[in-house]
Amino acid sequence: DVFRFGHERRTDAEKEKRLAVADLARILSAVLQTMSWFTWEADNRPFRVTPEWVDRYDAEMKTLLPDLMASISVVAALSERTYRAFDPLVSEAFDLDAQIGKAASSLRDELDLTREEVGELKDPAFSLFRRFRETLATEMGHHGTDLGDETASSRDGGITVEHTHD
């Protein structure tokens with residue numbers, strides 16, 4: 001019974017982690033899609049990049065980025081190894097959004113230059129999206145092996161027990 005209980009707890013923990021990664025994937029995908037689309041439009045259809053269009057991008061990112069931060073925090077609480085795999089991508093997404101925002105901020109004054117600057121961020125956006133997909137495939141491919149690859153903490157009756165599986 002003790003073995004079955006331990007196995008069920010690991011299975012539940014793994015399921016919880018996979019659901020958290022799925023939520024992170026959903027939100028990060030939306031962030032990266034928004035960035036990629038915005039930069040692609042600026043590069044390929046610059047006539048679409050207007051002050052109103054930039055305002056829509058900003059509004060969407062103001063909704064998505066807090067959700068992204070919350071989601072990576074949940075992943076961090078469940079799996080340090082998985083957090084370390086995704087955190088550089090999340091950090092880069094925030095950095096890229098700042099670059100896009102900076103490039104787009106001068107739109108009202110220098111329309112053509114702004115479109116060009118935003119369009120130049122298309123390749124970094126698409127590269128980040130590609131690396132995200134690769135990381136997601138790798139991390140989701142670990143199904144069930146997380147506890148063997150990192151230091152896992154389990155709480156039982158208020159006592160923290162550290163298990164090292166290296």
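Residues numbered from 1 in each chain as written. Predicted model: local features only at pLDDT ≥ 70, side-chain atom pairs only at ≥ 80, totals over all residues. Heavy atoms only, no water.

Help me out: how do you make sense of the overall build of the protein in this one?
When helices and strands are tallied, the protein shows six helices and two strands. Taken from N to C terminus, the helices and strands of the protein fall in the order α-α-α-α-α-α-β-β. Relative to its 166 residues, the protein shows a buried fraction of 35%. Within the protein, residue pairs in contact and separated by at least 24 positions form 72% of the contacts whose partners lie at least 6 positions apart. Of the accessible surface of the protein, which amounts to about 9700 Å², a share of 54% is contributed by carbon and sulfur atoms. (Helix = DSSP H or I, 4+ residues; strand = E, 2+ residues; numbered from the N terminus. Buried < 20%, exposed > 50% of the residue type's maximum accessible area, 1.4 Å probe, protein only. Contact = heavy atoms within 4.5 Å. Areas by Shrake-Rupley, 256 points an atom, 1.4 Å probe, with all protein chains shown as cover.)

Quick question: what am I supposed to make of the packing of helix α3 (residues 80-104) against helix α5 (residues 122-140) here?
How two helices pack is summed up by the angle between their axes together with the distance between the axes. Running from N to C, α3 and α5 cross one another at 165°; their axes reach a closest spacing of 11 Å. In terms of their interaxial angle, α3 and α5 are classed as roughly antiparallel. Once α3 is placed against α5, the crossing between them reads as left-handed. Between α3, through R81, T82, A85, F86, L89, E92, A93 and L96, and α5, the contact on the second element is made entirely by P124, A125, L128, R131, F132, T135, L136 and E139. Its residues assigned to classes, the contact of α3 with α5 shows 10 nonpolar, two polar and four charged. (Axes fitted to C-alpha atoms, helices over the stretch in contact; angles between N-to-C directions. Parallel < 35°, antiparallel > 145°, perpendicular 65-115°, else oblique. Left-handed = near helix turned anticlockwise from the far one by under 90°. Nonpolar A, V, L, I, M, F, W, Y, C, P; charged D, E, K, R; others polar.)

Looking at this structure, how should I read the environment of E60?
By the element assignment, E60 lies in helix α2 (residues 51-78). Linking E60 and A30, residues 30 residues apart in sequence, is a C-alpha distance of 9.5 Å.

I'm lost on the pattern of salt bridges in this one. Help?
Charged atoms that come close allow side chains of opposite charge to pair. Here the structure, examined in full by the defined rule, presents nine salt bridges. When the shortest N-O distance is used, the salt bridge between D43 and K122 registers 2.9 Å. Placement of D43 in helix α1 (residues 2-44) and of K122 in helix α5 is noted, with a sequence separation of 79 residues between them. You can call D43 partly exposed: its relative accessible area is 38%. Where E80 meets R84, a salt bridge forms, and the shortest distance between an N and an O atom there is 3.4 Å. Here the residue E80 and the residue R84 both occupy positions in helix α3, the gap between them amounting to four residues, near one helical turn. E80 sits in the partly exposed class, given a relative accessible area of 46%. (Salt bridge = Lys/Arg side-chain N within 4 Å of Asp/Glu carboxyl O.)

Hey, could you run me through the packing of aromatic side chains in this one?
For any pair of aromatic rings, geometry is given as the distance between the ring centres together with the angle between the planes. Evaluation of the coordinates by the stated rule reveals five aromatic pairs. A centroid spacing of 5.3 Å and a plane angle of 15° characterise the contact between W37 and W40, whose relative ring orientation is stacked. You can see W37 and its partner W40 sitting in helix α1, three residues apart, about one turn around the helix. According to the relative accessible area criterion, W37 is partly exposed, its value standing at 40%. (Phe/Tyr/Trp six-rings, centres within 6.5 Å; stacked < 30°, edge-to-face > 60°.)

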